[in-house]
Amino acid sequence: MLRYIFKSLYKNDVIVEERKKRPIWLALIFLFLGLGIYTIPQIVSSLNAQGAQIMTKSQNYELDKGLVLFAQDKFDAVIDEKGKLDVKDQRLLDTYTNKKPISYYVDNYMENENSKPVTATFLNVYYYEKDPLENKEARNEFSTWINDNILVKNDKGELLTAPKSYMVLTKSYFTISVYSPISDDVNSKSVGTFTGLYDKLKRTNLKDLCATDDQGVFSQKLTYDNLVSFLNKSYESTKIKSMWLNLALTLGMNLVMVIIGSLVIFLFLRGKTSRYKGVSYYDSIKIASTMVFSPTIIATIISLFFPLYNFAFIAAYICRVMWLVTKSKNIESAAPVYKART
């Protein structure tokens, strides 16, 4: 058994020739163990994803400065035990009733040494008093509200003013869209979006995002760290859901690839030129499943350095199946027969 397991990693002939001797459960172990190992890079990458990346990356279009200024205003808004935002601060409430944001900007902003001083809007903050997650109608209503009050579009859906980075606090989550702080182009596109949930932030008051040092003096570094923690926690649930969804899609795609491989093996190994005889589709399933393990090992190593989660395995598996099909041809039966002239 150990000899077979070892040789099956690199010798297709062993798998085909001993297909009748080996039980189906052994092939399924090869299949699911291999596909399970292959998910490791994807799981690691998903768990390492950070919600605060939208703010911490080098090209963040001054979003970090805008959020720090937002934290300094110490808005009284508490996330309750149900994960809902209870806003008590009138300044935030007014942004919904008056349809005007709390804007964080600076005058005489210079993008670089050679640029002219301009006014740069780092962040516009809005409060939306309804819960967009209640139902489909609520989500559509929220999208309409954004288009009417933030992006300011005409009847044709065209932007009337150049959009700036904005954050909308709703009852159940908040969303951030990042734009250039100085662009006057009405057709400028968002360079980043982020949505954070409140479910991991229960009993958090937004005014506590602003931090002071031991002397009671405002600390930009500590406030920045609080914002990083806030964004990361708000992304935890979304991160886990995305991970499971991506794993399901990847496993489903790879299982389909194995089924296709079993059909290819069945058709070619039953051909007239095949040197293998009596290969049933049941045998093909065992062969195709057993052949999975070594391609997944190769694909896992590749994926650790190049995150091509879906295609690394597919490419490696196709190569092994085609190698088996190519070598299955009976050279003697396929050779031309030469007859002497009489």
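Whatever comes next refers back to the structure up there.
**Q** Looking at this structure, how should I read the sheet that holds strand 7 (residues 192-197)?
**A** One open sheet holds the 5 strands; their spatial order is 3-4-5-6-7, and the pairing between them is mixed. Here the strands that pair on one side only, and so sit at the sheet edges, are strand 3 (102-109) and strand 7. Strand-to-strand twist of the sheet, defined as the mean angle between neighbouring strand axes without regard to direction, takes the value 10°. Where strand 6 (residues 173-178) meets strand 7, 6 bridges bridge the pair, whose relative direction is antiparallel. Paired with T175 across the bridge in strand 7 is T195. Most of the contacts of helix 7 (residues 90-97) go to strand 4 (residues 118-127), to which it runs at about 90°, and overall it touches strand 3, strand 4 and strand 5 (166-169).

**Q** It is not clear to me how a nonpolar patch on the surface should be interpreted in this structure. Could you clarify?
**A** Among the surface-exposed residues, I297, I298, I301, I302, L304, F305 and F306 lie close enough to one another that they form a single nonpolar patch of about 710 Å² accessible area. The residue F306 is located in the loop between helix 11 (293-305) and helix 12 (309-327) in this model.

**Q** Where do I start with unusual backbone geometry in this structure?
**A** Negative phi characterises most residues that are not glycine, and trans characterises most peptide bonds. The backbone phi angle of E62 is positive, close to 65°, even though this residue is not glycine. Secondary-structure assignment places E62 in the loop between helix 5 (53-56) and helix 6 (63-72).

**Q** Teacher, can you tell me more about the side chain of Q42 here?
**A** Considering the arrangement of structural elements, one finds Q42 in helix 4 (residues 40-48). Polar side-chain contacts of Q42 include one of 3.1 Å to the side chain of T250.

**Q** Would you take a moment to explain the packing of aromatic side chains for this structure?
**A** Aromatic rings considered in pairs are described by the distance between their centres and by the relative angle of their planes. Counted under the stated rule, the structure contains 19 aromatic pairs. Seen in terms of ring centroids, F174 and F194 are 5.9 Å apart; in terms of plane orientation they differ by 50°. Their pairing is tilted. Placement of F174 in strand 6 and of F194 in strand 7 is noted, with a sequence separation of 20 residues between them. Pairwise contacts between aromatic rings join Y96, Y126, Y128, F142, W145 and Y173 into one cluster.

**Q** How should I be thinking about the environment of L304 in this particular structure?
**A** One can find L304 in helix 11. A C-alpha to C-alpha distance of 9.4 Å links L304 and V44, two positions 260 residues apart in sequence.

**Q** What am I meant to see in the pattern of salt bridges here?
**A** If charged atoms from side chains of opposite charge come close, those side chains can pair. Scanning the model with the defined rule gives 11 salt bridges in all. A salt bridge links K65 to E62; the shortest N-O distance between them is 3.4 Å. By relative accessible area, K65 is classed as partly exposed at 39%. Residues joined by salt bridges that share partners form a network here, namely R3, E18 and R22.

**Q** How do you make sense of helix 4 when you look at a structure like this?
**A** Residues separated by three or four positions in an α-helix point in the same direction, a consequence of the helix having 3.6 residues per turn. Of all the positions in helix 4, only P41, Q42 and S46 are classed as buried. Take helix 4 and look down its axis: the buried residues cluster within an arc of 130°, on one side only.

**Q** Where do I start with the pairing of strand 5 in this structure?
**A** One face of the sheet, then the other: side chains in a regular strand alternate in exactly this way. Residues Y166 and V168 line one face of strand 5 and the alternating positions M167 and L169 line the opposite face, and both faces are buried. Relative to strand 5, strand 4 runs parallel, the two sharing 4 bridges. Bridging from a neighbouring strand, Y126 pairs with V168 of strand 5. Relative to strand 6, strand 5 is paired through 4 bridges, and the arrangement is antiparallel. Bridging from a neighbouring strand, V168 pairs with T175 of strand 6. Two successive antiparallel strands, strand 5 and strand 6, enclose a turn made up of 3 residues.

Rules used throughout
Residues numbered from 1 in each chain as written. Predicted model: local features only at pLDDT ≥ 70, side-chain atom pairs only at ≥ 80, totals over all residues. Heavy atoms only, no water. Pairing = 2+ DSSP bridges. Helix = DSSP H or I, 4+ residues; strand = E, 2+ residues; numbered from the N terminus. Axes fitted to C-alpha atoms, helices over the stretch in contact; angles between N-to-C directions. Contact = heavy atoms within 4.5 Å. Patch = residues over 30% accessible without salt bridge, like charges linked within 9 Å, V, L, I, M, F, W, Y side chains within 5 Å. Areas by Shrake-Rupley, 256 points an atom, 1.4 Å probe, with all protein chains shown as cover. Salt bridge = Lys/Arg side-chain N within 4 Å of Asp/Glu carboxyl O. Polar contact = N/O pair within 3.5 Å; in protein donor to acceptor, adjacent residues only side chain to side chain. Phe/Tyr/Trp six-rings, centres within 6.5 Å; stacked < 30°, edge-to-face > 60°. Buried < 20%, exposed > 50% of the residue type's maximum accessible area, 1.4 Å probe, protein only. Arc of directions from axis to C-beta.

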